[in-house]
Amino acid sequence: MLFLKGTMSVLKLEECRERIRKELDNTVDFWLKYSHDPLHGGFFTCIGRDGKVYDELKYVWLQGRQVWMYCRLYRTVDRFRKPEILEAAKAGGAFLRKFARVSCGSSGQWKCAFCLTRDGKAVKIQRTIFSECFYIMAMDELSRVIGDEDMQLEAEQMMEQLICWVRVDSSGLGRPQLPGDVPANSMAVPMMLLCLVQQLTEGRGPEVIQKYRELASWCVQKILQHIQREGTAILENVSVEGAELPGCQGRLLNPGHALEAGWFLLQFSVEQKDEELQRTAINKFMELPYQYGWDKEHGGLFYFLDVDGHCPTQLEWSMKLWWPHCEALIAFLMAYSQTKKPELLERFSKVYEYTFSHFPDVQRGEWFGYLTQGGKVALDFKGGPFKGFFHVPRCLYMCERILDDMLANKD
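What you see is a predicted model, and the numbers here were worked out from it, not measured in a lab. (Residues numbered from 1 in each chain as written. Predicted model: local features only at pLDDT ≥ 70, side-chain atom pairs only at ≥ 80, totals over all residues. Heavy atoms only, no water.)

Could you give an account of the layout of surface pockets, with specific residues and numbers?
Here the second largest pocket is characterised by a volume of approximately 1,000 Å³. Elements supplying a minimum of two residues to the lining of the second largest pocket: α2 (60-76), α6 (188-201), α8 (213-224), α10 (255-272), α12 (322-339) and α14 (391-408). Classifying every residue of the lining of the second largest pocket by side-chain character gives 18 nonpolar, 10 polar and 9 charged. Taken together, domain 1 (1-13 + 182-411) and domain 2 (35-178) each give at least three residues to the lining of the second largest pocket, which thus spans both. (1 Å grid on protein atoms, 1.4 Å probe; cavity = no way out; pocket = protein on both sides within 12 Å on 5 of 7 lines; lining within 4 Å. Points joined across faces, edges and corners; volume = space filled by probe spheres on them. Helix = DSSP H or I, 4+ residues; strand = E, 2+ residues; numbered from the N terminus. Nonpolar A, V, L, I, M, F, W, Y, C, P; charged D, E, K, R; others polar. Domains from an automatic or database assignment.)

Hey, could you go over the confidence of the model for the chain for me, with residue numbers and the actual values?
Looking at the chain as a whole, the pLDDT averages 95, with 97% of positions reaching at least 70. Every residue in residues 1-7 is under pLDDT 50, and counting partners more than four places away or in other chains gives 16 contacts. (pLDDT = per-residue confidence, 0-100. Contact = heavy atoms within 4.5 Å.)

Please provide a residue-by-residue account of the state of the cysteines, values included.
Under the defined criterion, the tally for this structure stands at 0 disulfides. Not engaged in a disulfide, the cysteine C399 finds its nearest cysteine sulfur in C395; these two sulfurs lie 4.2 Å apart. Take C399: its relative accessible area is 1%, and that puts it in the buried class. (Disulfide = S-S within 2.5 Å. Buried < 20%, exposed > 50% of the residue type's maximum accessible area, 1.4 Å probe, protein only.)

I'd like a description of unusual backbone geometry, backed by residues and values.
Of note, the phi angle at K273 is positive, near 55°, even though the residue is not glycine. Here K273 lies in the loop between α10 and α11 (275-293). The backbone phi angle of K340 is positive, close to 60°, even though this residue is not glycine. Summarising the element assignment, K340 is placed in the loop between α12 and α13 (342-358).

Here's what the structure looks like:
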């Protein structure tokens, strides 16, 4: 355990940091070796356990995430300031700029495709904002690395389009207005917009911060609407007014998403020096999903749950997926680093031990993404339509930096 007799073990934390650093290095090496497409640019993400590509389709969410991750590592971590990482990020950004945006006919608006062929032809467009979100993240982070002001402007212009779709007129998303479709506030939308605000304003001047100040506050309030059942649950979907919705949609719990929202809110609370929001982020968005989401029999976090105890309708509800555990590691370590409350380090320790004993592939590198409820590997590929070079390296990168700061100030 990382927590011994109520006193933080510096030695154990140092061992933890070294394991995390090693895993991050191995993960970067895996994707550098197997994911690049030298012929058409961009990245393969459907990669088997052995590193072989089993499908050449390219998913825009994952293209944007990989560009962002490469750039963030290159920009902020000395040992990743390597020419091959920079060139891969630039090639991925060029592929996105050339192929990801698809004209929506006479409206004059652009959507980002969800899926592309290997050579960049659009295959599918989703009626959501998320391809655009990861396009913005990629363009903004890449613009910081190569100093391209036009690219940064492009990211900000697409951000304005997103804000319009979410807050003014959603017709550009292409979703028909059906009489039985009740408008809902899905937590993913304000979460992603808050993430983008933090991305676009990081390290920039007060005029940029002011530009997005009202939007950030709106995002926080929309996320806080998901605290339901008199403060005992974080529901994934609520009405636009912040009320509970009927049926399975309204009862849905997504522990990993709540934990991710928790550390988004925690970061924002530090920026704003908002102690009340800090407490809410920890007590509601971290402690609650951990309490109801942790599998007491087998360990690990359930993927989905029903707040009233019904069996969730999602077939994968009882599986243990990589990304909720990544979000939990970030959340609890960040919360502990800010509060020094021992129970938060205990939570991190428990999640760490489960995660590092189940997900990493010690033989061939990288992590498995999909386990059974009992913790056995269900799907052995390393990448797919939704698992790419993002949640694992972001988690390892953030935890390493938090541990660096903690250990540097251990006295």
